[in-house]
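Residue strings, one per chain:
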Amino acid sequence: PKKIYADNPLYLAAFQKEFEIGYALDHSNIVRYIIKGEDQNGLYILTDFVDGFTLSDFIKLNPNYFKTSKHLDKFINQLLSAIKYLHERQILHLDLKPDNILITGVNSDVKLVDFGFSYTDCFSSLAIGKTELYAAPEQLNRESIDQRTDIYGLGKILEYILSECGSQISKTHMCLISKCLSER
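Residues numbered from 1 in each chain as written. Predicted model: local features only at pLDDT ≥ 70, side-chain atom pairs only at ≥ 80, totals over all residues. Heavy atoms only, no water.

Trainee: Outline the overall build of the protein chain, listing residues and values.
Mentor: Within the protein chain one finds six helices and five strands. Listing every helix and strand of the protein chain by position from the N terminus yields α-β-β-β-α-α-β-β-α-α-α. The C-alpha atoms of the protein chain give 17 Å as radius of gyration, which agrees with the globular expectation for 184 residues (16 Å, within 12%). C-alpha atoms of the protein chain, sized along the principal axes, occupy 50 × 40 × 30 Å. Expressed as a percentage of the 184 residues in the protein chain, the buried residues total 44%. Taking as baseline every contact in the protein chain between residues at least 6 positions apart, the subset at least 24 positions apart corresponds to 64%. Accessible area for the protein chain stands at about 10200 Å²; split by element, carbon and sulfur atoms hold 51% of it. Between the mean site of the 20 positive side-chain charges and the mean site of the 24 negative ones, the protein chain shows a separation of 5 Å. (Helix = DSSP H or I, 4+ residues; strand = E, 2+ residues; numbered from the N terminus. Rg over C-alpha atoms; globule rule 2.2 N^0.38 Å. Buried < 20%, exposed > 50% of the residue type's maximum accessible area, 1.4 Å probe, protein only. Contact = heavy atoms within 4.5 Å. Areas by Shrake-Rupley, 256 points an atom, 1.4 Å probe, with all protein chains shown as cover. Lys, Arg positive; Asp, Glu negative; His and termini not counted. Charge placed at Lys NZ, Arg CZ, Asp CG, Glu CD.)

Trainee: An account of a nonpolar patch on the surface is needed here, citing residue identities and associated values.
Mentor: Taken together, Ile-35, Tyr-44 and Leu-46 make up a surface patch of nonpolar side chains, about 230 Å² in accessible area. Looking at the element boundaries, Leu-46 is found in strand E2 (residues 42-47). A relative accessible area of 39% means that Leu-46 is categorised as partly exposed. (Patch = residues over 30% accessible without salt bridge, like charges linked within 9 Å, V, L, I, M, F, W, Y side chains within 5 Å. Salt bridge = Lys/Arg side-chain N within 4 Å of Asp/Glu carboxyl O.)

Trainee: Break down the pattern of salt bridges for me, citing the residues and quoting the values.
Mentor: Per the stated rule, a full pass over the model turns up seven salt bridges. In this structure, Lys-97 and Asp-95 form a salt bridge, with 3.8 Å as the shortest nitrogen-oxygen distance. Judged on exposure class, the residue Lys-97 and its partner Asp-95 are both buried. Here Lys-156 ties to Glu-159 by a salt bridge, and the two come within 3.3 Å at their closest N and O atoms. Taken as a pair, Lys-156 and Glu-159 lie in helix H5 (residues 147-165) at a separation of three residues, close to a single helical turn. Several salt bridges converge on common partners, so that one network encompasses Lys-84, Glu-88 and Arg-89.

Trainee: An account of helix H6 (residues 171-181) is needed here, citing residue identities and associated values.
Mentor: Residue pairs three or four apart in sequence face the same way in an α-helix, which turns once every 3.6 residues. Listing the buried residues of H6 in full gives His-173, Ile-177, Cys-180 and Leu-181. For H6, the angular spread of the buried residues around the axis is 90 degrees, confining them to a single face. What points out from H6, more than 90 degrees from its buried face, is the exposed set Lys-171, Thr-172 and Lys-179. Elements that come into contact with the buried residues of H6 comprise helix H3 (69-88) and H5. (Arc of directions from axis to C-beta.)

Trainee: Let's hear about helix H1 (residues 9-23): which residues, and what values?
Mentor: For H1, which comprises 15 residues, the first-to-last C-alpha distance of 21 Å matches the rise-based estimate of 21 Å (1.5 Å per residue) to within 8%. Taken as a whole, H1 has its buried residues at Ala-14, Phe-15, Lys-17, Glu-18, Phe-19, Ile-21 and Gly-22. On the buried face of H1, the contacting elements are strand E1 (33-39) and E2. Its side-chain oxygen placed 2.9 Å from the backbone nitrogen of Leu-10, Asn-8 serves as the N-cap of H1. (Expected span 1.5 Å × (residues − 1). Polar contact = N/O pair within 3.5 Å; in protein donor to acceptor, adjacent residues only side chain to side chain.)

This is a description of form; function is not addressed.
Here's what the structure looks like:
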């Protein structure tokens, strides 16, 4: 945690929550959490090293990558697989955004990271965060959240990819985005 929050019990509880959620997960498209420890700099979480880039940086380095339907479909399928895995375990990510999605240097695979704002039944009171630009209306309005909240985030991610890449949007992808972003 950042040093300014080192004595904040809510922040420390969220840090602990992130580790406990992440440590229990085992999915090829989710970064693996290894240990939580403390050293001279304070608390830390050690995860697998991902040799790759955030989605934002990946697009800057590879602006034409997602113009190929095959690549976009692979990305969608891998991210959906990770989200489905979380939802099957009653976990909501709640902070899907380009900086929380890594794309590996080899094979351009998805790795979902950062469970600091996640929700589970065990940690429901600590699901307090969001990133405004990618947050679902129910998050912004502090209403009840469920799996649809992450699905909305997926739609915002796809919108972001297509706007950044200047891709022609296929009817299939447009329909998917529209369904993801539909109001309850």
